[in-house]
Amino acid sequence: MYRPLCLLPLLLLVMGSCARQTDTFKPRITITSGNGSGVSREKTFSVQGYVLDDTGVAGITVDDQPVSVEPGRRLVQFRFQAQVEGGRGEYTITARDAAGNRSTMTLPVTVDNQSPAIKVTRYERTGNTIRVAGVVTDDIRVTQVLVDGNRLNITPGPRVEFYAETSGIWADIEVMDAAGNTRKQRAR
């Protein structure tokens, strides 16, 4: 004789093991333009980035305005035009996945049209070897220091100390800030 009630515990066990795990992974927002920041020399500029999600991105908004993206993809690139009135502003970027998880990033934007300053604190030449040291400062962030075309390993920041050894008659120093402003100086 068939007893349907006896199969109920087995059916519940099987159904429980098929249950989908909850999606708790929030989308990750990353800015790729302007060295990962919203700094530019111009008042209007393009901000680029991407959103990553394990199940797929459902949508992206910037200041509550939708950004055109292909939904359902795990990695979605986005772009929008920023416009800064005055010298500073901010944009709120929100990403949503299919499970309803949301991530929000507040991106400060700054117009920076001032080149960084270079101060050589030491210049020493012994034979064909030149040793040069100094400090580079910027109102936002120094991102790159080159001596005779060789990029130095620095920690970006508003004040960066550097040291390099090169050969020749002088040392050509070139620095760049987060907005792309550059300054060159020849140490002799």
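As the structure is a computational prediction, the values presented were derived from the model and not from experiment.

K.L.:
Go over the nonpolar core, please, and point to the residues and values.
P.N.:
Counting 21 residues, the largest nonpolar core has V47, V51, I60, F78, F80 and I93 as the members making the most contacts within it. For this core, the secondary structure elements donating two or more residues are β1 (28-31), β3 (44-52), β4 (57-62), β6 (75-83), β7 (88-97) and β8 (102-111). Element by element, the count of residues in this core is highest for β6, at 4 residues. Dropping the residues within four chain positions of it, V47 is found in contact with I31, S33, F78, R79, F80, A82 and L107. In terms of nonpolar packing, the next biggest core, distinct from the first, is built from 16 residues, L152, I154, A171 and V175 among them.

K.L.:
Can you lay out the packing of aromatic side chains for me, pointing to particular residues and giving the numbers?
P.N.:
The geometry of an aromatic ring pair comes down to the distance between the two centres and the angle between the two planes. A full pass over the atoms with the stated rule returns 1 aromatic pair. Here the aromatic rings of F80 and Y91 are separated by 5.3 Å at their centres, their planes lie at 55°, and the arrangement is tilted. Placement of F80 in strand β6 and of Y91 in strand β7 is noted, with a sequence separation of 11 residues between them. Over the ring of F25 we find R28, and its NZ or CZ is 4.3 Å from the ring centre.

Cut-offs and rules
Residues numbered from 1 in each chain as written. Predicted model: local features only at pLDDT ≥ 70, side-chain atom pairs only at ≥ 80, totals over all residues. Heavy atoms only, no water. Core = buried A, V, L, I, M, F, W, Y, C linked by side-chain atoms within 4.5 Å. Buried < 20%, exposed > 50% of the residue type's maximum accessible area, 1.4 Å probe, protein only. Helix = DSSP H or I, 4+ residues; strand = E, 2+ residues; numbered from the N terminus. Contact = heavy atoms within 4.5 Å. Phe/Tyr/Trp six-rings, centres within 6.5 Å; stacked < 30°, edge-to-face > 60°. Lys NZ or Arg CZ within 6 Å of the ring centre and 35° of its normal.

From the geometry alone we can't say anything about function, so treat these as descriptive.
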